[in-house]
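Read off the chains here:
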Amino acid sequence: MEEKIEKAYRLAKEAYAKIGVDTDKAIEKLDQVPISIQCWQADDIQGFVNSNALTGGIQVTGNYPGKARNFQELTQDLEKVFSLVPGKKKVNLHAIYVTRPLEGRDIDALVPEDFAGWVEFAKKNGVGLDFNPTCFSHPMFKDNFSLASPDEEVRSFWVRHAKACVRIGDYFGKALGEKCVTNIWIPDGMKDDPYSHLEARKRLTTSLDEILATDYDHSDEILAVESKFFGIGAESYTVGSSEFYLGYAAKNQIALCLDSGHFHPNEFISDKLSSALLYVPEILLHISRPVNWDSDHVVTDTDELNHIMEGLVRDGLLDRTHIGLDFFDATINRIAAYVIGIRSTQKALLKAFLEPTEYLLGKEKALDYTERLALVEELKSYPWGDVYAYYLAKNGIPNHDWLDAVKAYEKEVLEKRGN
Ligand code: RNT
Ligand code: ZN
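For clarity, every value in this text was computed on a predicted model and none was experimentally measured.

Engineer: Hey, could you run me through the overall build of the protein in this one?
Structural biologist: Of regular secondary structure, the protein possesses 14 helices and 10 strands. The C-alpha atoms of the protein give a radius of gyration of 22 Å, which matches the 22 Å a tight globule of 419 residues would have. Counting only C-alpha atoms and orienting by the principal axes, one finds that the protein spans roughly 65 × 55 × 40 Å. Counting every position in the protein, which comprises 419 residues, the buried fraction comes to 53%. Residue pairs in contact within the protein that sit at least 24 positions apart in sequence constitute 81% of those at least 6 positions apart. For the protein, the computed accessible surface area is about 18500 Å², with 52% contributed by carbon and sulfur atoms.

Engineer: When you look at the site of ligand 1 in this model, what are you seeing that I'm missing?
Structural biologist: Around ligand 1 sit Trp40, Ile58, His94, Trp185, Glu226, Lys228, Asp259, His262, His286, Asp294, Asp326 and Phe328, and those are all the residues in its vicinity. In this structure, an oxygen atom belonging to ligand 1 sits 3.2 Å away from a side-chain N or O atom of His286. Within the side chain of Asp294, an N or O atom sits 3.4 Å from an oxygen atom of ligand 1. If ligand 1 stood free it would expose 310 Å²; the protein chains cover 100% of that surface. Looking at the shell around ligand 1, its residues break down into 4 nonpolar, 3 polar and 5 charged.

Engineer: What's the story with the packing of helix α2 (residues 23–32) against helix α10 (residues 334–353) in this structure? I'm lost.
Structural biologist: Each packed pair of helices is defined by two parameters, the angle between the axes and the distance between the axes. Close contact between α2 and α10 brings their axes to 9 Å; oriented N to C, the two are set at 140 degrees. The orientation of α2 relative to α10 falls into the category oblique. Crossing hand, α2 versus α10: right-handed. Counting all contacts with α2, which are made through Ala26, Lys29 and Leu30, the residues of α10 involved are Gln346, Leu349, Leu350 and Phe353. For the contact of α2 with α10, the per-class residue count stands at 5 nonpolar, 1 polar and 1 charged.

Engineer: Help me understand the coordination of the zinc ion (ligand 2) in this model?
Structural biologist: Perfect tetrahedral coordination of a metal by four donors corresponds to 109.5 degrees between them, and perfect octahedral coordination by six donors corresponds to 90 or 180 degrees. Within the first shell, the zinc ion (ligand 2) binds the protein through Glu226 (OE), Asp259 (OD), His286 (ND1) and Asp326 (OD), at distances of 2.1 to 2.2 Å. Metal-centred angles of 71 to 169 degrees between the 6 donor atoms at the zinc ion (ligand 2) mark the site as octahedral.

Engineer: Would you mind showing me how to read unusual backbone geometry here?
Structural biologist: Apart from glycine, the bulk of residues carry a negative phi angle, and the bulk of peptide bonds sit in the trans form. Positive phi, normally seen in glycine, also occurs at Glu103, with a value near 45 degrees. By the element assignment, Glu103 lies in the loop between β2 (89–94) and α4 (116–125). The exposed category is assigned to Glu103, whose relative accessible area is 72%.

Engineer: Just to check I follow, could you spell out the packing of aromatic side chains for this structure?
Structural biologist: Each pair of aromatic rings is reported with the distance of its centres and the angle of its planes. Taken as a whole, this structure holds 16 aromatic pairs when the rule is applied. Measuring from ring centre to ring centre gives 5.2 Å for Phe48 and Tyr97, while their planes differ by 75 degrees; the resulting arrangement is edge-to-face. Of this pair, Phe48 sits in the loop between β1 (35–38) and α3 (71–82) while Tyr97 sits in the loop between β2 and α4, and the two are 49 residues apart along the sequence. For the pair formed by Phe48 and Tyr97, the shared burial category is buried. Among the aromatic residues, those joined into a ring-pair cluster are Phe71, Phe82, Trp118 and Phe121. Over the face of the ring belonging to Trp384 we find Lys351, whose NZ or CZ atom lies 4.4 Å from the ring centre.

Engineer: Can you walk me through the pairing of strand β10 (residues 321–325) in this structure?
Structural biologist: If a strand is regular, its side chains alternate between the two faces of the sheet. Where burial is concerned, most of β10 is hidden: 5 out of the 5 residues are buried. Residues Thr321, Ile323 and Leu325 line one face of β10 and the alternating positions His322 and Gly324 line the opposite face, and both faces are buried. Bridge analysis of β1 against β10 gives 2 bridges, and the strand direction is parallel. Within β10, the position partnered with Ile35 by the bridge is Ile323.

Engineer: Would you mind going over the packing of α3 against α10 with me for this structure?
Structural biologist: Axis separation between α3 and α10 bottoms out at 10 Å; the angle between their running directions is 40 degrees. When the axis of α3 is compared with that of α10, the two are oblique. Note that α3 runs across α10; the crossing there is right-handed. From α3, Asp77, Leu78, Lys80 and Val81 reach across to α10, where they touch Ile335, Tyr338 and Ile342. For the contact of α3 with α10, the per-class residue count stands at 5 nonpolar, no polar and 2 charged.

Engineer: Whenever I open this one, the nonpolar core confuses me. Can you help?
Structural biologist: The nonpolar side chains of a soluble globular protein tend to be buried, and buried together. Of all hydrophobic cores here, the largest spans 129 residues; its most connected members are Val91, Trp118, Leu208, Leu285 and Met309. Examining the composition of this core, we find that 11 residues originate from one element, α10, more than from any other. The residues touching Trp118, leaving out its near neighbours within four places in the chain, are Phe48, Phe71, Leu74, Thr75, Leu78, Val91, Leu93, Tyr97, Thr99 and Leu129. Counting residues in each nonpolar core, the second largest holds 6 residues, with Val181, Ile222, Ala224 and Leu284 among its members.

What counts and what doesn't
- Residues numbered from 1 in each chain as written.
- Chains lettered and ligands numbered in written order.
- Predicted model: local features only at pLDDT ≥ 70, side-chain atom pairs only at ≥ 80, totals over all residues.
- Heavy atoms only, no water.
- Helix = DSSP H or I, 4+ residues; strand = E, 2+ residues; numbered from the N terminus.
- Rg over C-alpha atoms; globule rule 2.2 N^0.38 Å.
- Buried < 20%, exposed > 50% of the residue type's maximum accessible area, 1.4 Å probe, protein only.
- Contact = heavy atoms within 4.5 Å.
- Areas by Shrake-Rupley, 256 points an atom, 1.4 Å probe, with all protein chains shown as cover.
- Near = heavy atom within 4 Å.
- Polar contact = N/O pair within 3.5 Å; in protein donor to acceptor, adjacent residues only side chain to side chain.
- Nonpolar A, V, L, I, M, F, W, Y, C, P; charged D, E, K, R; others polar.
- Axes fitted to C-alpha atoms, helices over the stretch in contact; angles between N-to-C directions.
- Parallel < 35°, antiparallel > 145°, perpendicular 65-115°, else oblique.
- Left-handed = near helix turned anticlockwise from the far one by under 90°.
- Donors = N, O, S within 2.8 Å, 3.2 Å for Na, K, Ca; no water.
- Tetrahedral: all angles 85-135°; square planar, octahedral: opposite > 155°, others 65-115°.
- Phe/Tyr/Trp six-rings, centres within 6.5 Å; stacked < 30°, edge-to-face > 60°.
- Lys NZ or Arg CZ within 6 Å of the ring centre and 35° of its normal.
- Pairing = 2+ DSSP bridges.
- Core = buried A, V, L, I, M, F, W, Y, C linked by side-chain atoms within 4.5 Å.

Just geometry here; none of it tells us what the structure is for.
Now the structure itself:
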């Protein structure tokens, strides 16, 4: 390790020790928190099932060269990403990322073997897997409806699809010895004002009940449901709203997925964690960066990202929270997008681990808001960057010059893809 880095770390360690914080312990904790990396940033949510256009009211803009076109390219890209970020990782898959041809079957007939390639990849890289039914970008996503469709043929198709996905998620969990979080998000909604707000929600409840009523053990997975405020083409009404899924998850004791882009622009998920976790067993986070709408920009060091991590660490909610990323940007190098998003997430988490939590909790309880504000503000300029640099160096990973490795990969691999 470079002497500069070690020296800076020693000074940082001393500074933190003075306020009762053990930097070695903070690094150890950070290293153990899995971050679930969304596979779909590598290929703009295209998947390997067909060449259907992206639907469901989400959008990827940009055409930066070198997007992954198949399993081999996508896993090669992910391995490059792994080499540039330390710590425990999972890969979050969508159901359209099959590793063998479906040969006449549609996605309502998926089986675990269709994803065997991912299990092999996960074992080889020592990562876990998470999963999602893909209820969009498919001809059966009709009239803006999937699981909440009034058309029984459409609704039952998506129930079959989701049931198949629940089975596959459990297979991942069992094969890897690490629970898989299987998350259901559907785009269902209406462009214009609904006449009834209730009917579609009743149908969604029926569908979810059918999906949950499995006749086999799925103890190696965690089911989650993801709400949304609006999507393109569903501006006036979203069936799976926040209240809908909070109620459904609490009643059925399944996980609630909170996506940071799925609320009003001035509404933040960081303040929802402590309330929701009083009533639901677990939370799945989709960390994203909304810019004026659910734009899914690359995650960066924003106040909200820091507040999310602070909330989890200060209130001891981390062990019931699964951290996942959900962004997609095709205007910049996709590998760089991953590295920026994952590192920002880790840095925010590290900052939270580097707080004298017990001390500040005590100050707040004693109503000493002056010291609370003073110390929290001081902490912002503590040398947490030197601690992160040391963590990277310990793992043999480049710090500020990581982009050189990405640029070399762009030249050697991405440019040769010719797309
Ligand atoms: C869409 C949701 C959903 C998707 C991914 C691809 O608004 O956030 O989680 O982004 O499943
Ligand atoms: Zn999401």
